[in-house]
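Reading the structure
Here's the letter readout for the chains.
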Amino acid sequence: MKKIITYGTYDLLHEGHINLLRRVKELGDYLIVGVTSDSFDRGRGKLNVRNNVLERVEAVKATGYADEVIIEDYLGQKIDDIQRYDVDIFAIGSDWEGKFDYLNEYCKVIYLPRTEGISSTMLREQTEEVYRIGIVGSGRIAKRFVPESKVVNSAKVIAVYDPNKESADEFGEMFGLKVFSDRYDDFLSEIDAVYVASSHLTHYEYTKQSLCAGKHVLCEIPFVLSTVQARELYDFAETHNLVLLEASKTAFCPSFNHLVTLVKSGVIGDVVDVKTSLSKMVTAPTRELDAAQAGGAMNEHAPLNMMAIIKLLGKDYSKVDFYSKMENDVDIYTKVNICYPRATASMTLGIGVKTEGNMVISGTKGYVYVPAPWWLTDFFEIRYEDQTKNKKYFYSYDGDGLRYEIQEFMSMIVNQRKSSYKLRQRESVAIAEVIEKFNQRENFKEI
Ligand code: C2G
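Being a predicted model, the structure only gives us computed values, none of them experimental.

What follows is about the pairing of strand β6 (residues 131-136). Counting buried positions along β6 yields five of six residues, so the element is predominantly enclosed. Of the strand pairs in this sheet, β6 and strand β7 (residues 155-161) are connected by six bridges, and their pairing is parallel. What sits directly across from I135, in β7, is V160. One crossover worth recording links β6 to the parallel β7 by way of helix α6 (residues 140-149), and it is right-handed.

Structure representation (structure tokens):
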């Protein structure tokens, strides 16, 4: 029996795919089709695939050409599959001409002519709705947003708003955007969605005004500094059918998502402690050191660290204590101890004290070590008493990493999903709650 294998994403299955599968099948007696997993596609930069892996597998099966469908989940798998399934021929479309010659060592490699004039990319573009995005703020983080948005389908940044006209003009010039610096309503009237990347204390107002004008909002961290405000904004978005998402970038990053699912599935037993730290030194004058602009290590760094703790231990902590080193009314260092009924957690945050920015998740069977900078997760290791069982996980963290949160935001808009399991509204409210407790100096001690 002659066995053939072929691979693909098969997004929005079309005539080109069907022609290829038919011709591939004709090469032998038994056809195995490898369909890429969602995470494998994300890992190789395909962020815009429309159908999920189950839909794509079903579509391939429905062609009737595949005798077996398998999932392609890692680089190098083709070599394993060819040997494991004792494959005679590897066949793929001519757009890959030459790229898989290295498989000749294991089986015959055949490139079949591709069907001209049709592709998944073309179909995605034809059916794609483009959402016009306006950015509020023109600082450091806003500058990273524009290039990152370019790799996400449906997202088109067209305008910037900043009351500081000079800064807005410079930003607009740099990225070819329409510039607004006084009338916020005029800015809103030109766009469908807003990315709020202005200074902390302005987040609530800009988000509220944008939602009131019927615009979806992606808001930078810290989202807002009060629970009441957070709930009010989420409730408003919900009742008005709008997407509101906190831009907690690590929460949307594939490697961090994988870490959470591994821990949740019990690889280190019951989680008993989560320890995170993040320090970024700043020098005056800067808003991070200005109490009037809600500066400080907590407001700056608690959102990402608290997000990680909540994703791992939940939002129902029983007690939280803060220990801070203060300078001019701003915490340049804060240690936060969080008690859960059956676990503990801590965050060590600094803007004027330097520390190692790693994360350690301790469990009854082992622990996860994520080296600094844990929030740009591209590697972690699961470690056990018996070190031979340790396992290392490597990922790529593409660009500045904002593409993952932009992709989630756009996917929520396009698919009319109001909530993201990667960061639930109630989790975002719980983050605001901890920050609020600190700002109200609850269980607070100066050191
Ligand atoms: N194809 C074709 N004609 C088209 C479009 C695609 O013959 N007009 C072929 C491709 O050459 C490929 C298969 O259909 O053999 C699947 O294409 P995609 O879904 O685009 O998958 P791809 O990204 O090429 O994945 O490990 C994955 C593989 O490397 C290929």
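Read on, since the account is not over.
Once that is clear, we can look at the site of the ligand. Taken together, 21 residues form the shell around the ligand, and within it Y10, E72, D95, W96 and I118 come nearest. At 3.1 Å from an oxygen atom of the ligand is found a side-chain nitrogen or oxygen belonging to R44. Note that an oxygen atom of the ligand is positioned 2.8 Å from one of the side-chain N or O atoms of K78. Looking at the shell around the ligand, the elements with two or more residues in it are β1 (3-8), α1 (15-25) and β4 (89-93). If one sorts the elements of the shell around the ligand by residue count, α1 sits on top with three residues. Considering only residue class, the shell around the ligand consists of seven nonpolar, eight polar and six charged.

Right, let's talk about the layout of surface pockets for a bit. Estimated volume of the largest pocket: approximately 1,500 Å³. Taken together, 49 residues make up the lining of the largest pocket; nearest its centre are D38, S39, R42, Q407 and K422. When contributions to the lining of the largest pocket are tallied by element, the ones reaching two or more residues are α2 (38-43), α3 (53-62), α11 (254-264), β19 (391-394) and α13 (402-414). Grouping the amino acids of the lining of the largest pocket by side-chain chemistry returns 15 nonpolar, 17 polar and 17 charged.

With that out of the way, let us pick up the sheet that holds β1. Paired through backbone hydrogen bonds, the strands of a sheet run either parallel or antiparallel to each other. Reading across from one edge, β3-β2-β1-β4-β5 is the order of the five strands in this open sheet, with parallel pairing throughout. Two strands close off the open sheet at either side, each with one partner strand: β3 (68-72) and β5 (108-112). Strand-to-strand twist across the sheet, computed as the mean angle between neighbouring axes with direction ignored, equals 25°. In the sheet, β1 pairs with strand β2 (residues 30-36) via six bridges, with the strands oriented parallel. What sits directly across from G8, in β2, is V35. Those strands touched by helix α4 (residues 77-84) are β1, β3 and β4, and its axis lies near 160° from that of β1.

Ranked by internal contacts, the top residues of the largest apolar core, which has 82 residues, are I338, Y340 and I361. Broken down by element, the residue count for this core peaks at eleven residues, all from helix α12 (residues 297-313). The two domains that each donate at least three residues to this core are domain 2 (123-248) and domain 3 (251-446). Apart from the residues lying within four places of it in its own chain, the contact partners of I361 are L259, V263, I268, V271, D273, V274, L312, G366, Y367 and V368. The next biggest cluster of nonpolar side chains, apart from the first, holds 25 residues, and it includes F180, V224, L244 and A432.

A separate point is the side chain of T9. Looking at where T9 falls in the secondary structure, it is placed in the loop between β1 and α1. Classification of T9 as buried rests on a relative accessible area of 6%. A polar atom in the side chain of T9 sits 3.4 Å from the side chain of T36. What T9 contacts, discounting residues up to four positions off in sequence, is V35, T36, D41, R44, K46, V49 and R56.

This part is about the sheet that holds strand β9 (residues 193-196). Overall, parallel pairing links the six strands, which are arranged β8-β7-β6-β9-β10-β11 in an open sheet. Where the open sheet ends on each side, the last strands, each with one partner, are β8 (178-180) and β11 (244-246). For this sheet the average axis-to-axis angle between neighbouring strands, irrespective of direction, equals 25°. The strands touched by helix α9 (residues 203-212) within the sheet are β6, β7, β9, β10 (216-219) and β11, with β10 carrying the most contacts at an inclination of about 165°.

Right, let's get into the domain arrangement of the protein. By a widespread convention, an interface's size corresponds to the accessible area lost as its parts come together. Split by domain assignment, the protein resolves into domain 1 (3-121), domain 2 (123-248) and domain 3 (251-446). If you average the C-alpha positions of domain 1 and of domain 3, the two centres end up 39 Å apart. Taken together, the contact pairs four residues of domain 1 with six residues of domain 3. Note on domain 1 versus domain 3: buried area summed over both sides is about 410 Å², and carbon and sulfur give 55% of it.

Criteria and thresholds
Residues numbered from 1 in each chain as written. Predicted model: local features only at pLDDT ≥ 70, side-chain atom pairs only at ≥ 80, totals over all residues. Heavy atoms only, no water. Buried < 20%, exposed > 50% of the residue type's maximum accessible area, 1.4 Å probe, protein only. Helix = DSSP H or I, 4+ residues; strand = E, 2+ residues; numbered from the N terminus. Pairing = 2+ DSSP bridges. Right-handed = clockwise from strand over helix to strand, strands pointing away. Near = heavy atom within 4 Å. Polar contact = N/O pair within 3.5 Å; in protein donor to acceptor, adjacent residues only side chain to side chain. Nonpolar A, V, L, I, M, F, W, Y, C, P; charged D, E, K, R; others polar. 1 Å grid on protein atoms, 1.4 Å probe; cavity = no way out; pocket = protein on both sides within 12 Å on 5 of 7 lines; lining within 4 Å. Points joined across faces, edges and corners; volume = space filled by probe spheres on them. Axes fitted to C-alpha atoms, helices over the stretch in contact; angles between N-to-C directions. Contact = heavy atoms within 4.5 Å. Core = buried A, V, L, I, M, F, W, Y, C linked by side-chain atoms within 4.5 Å. Domains from an automatic or database assignment. Buried area = accessible area lost by both parts, 1.4 Å probe.

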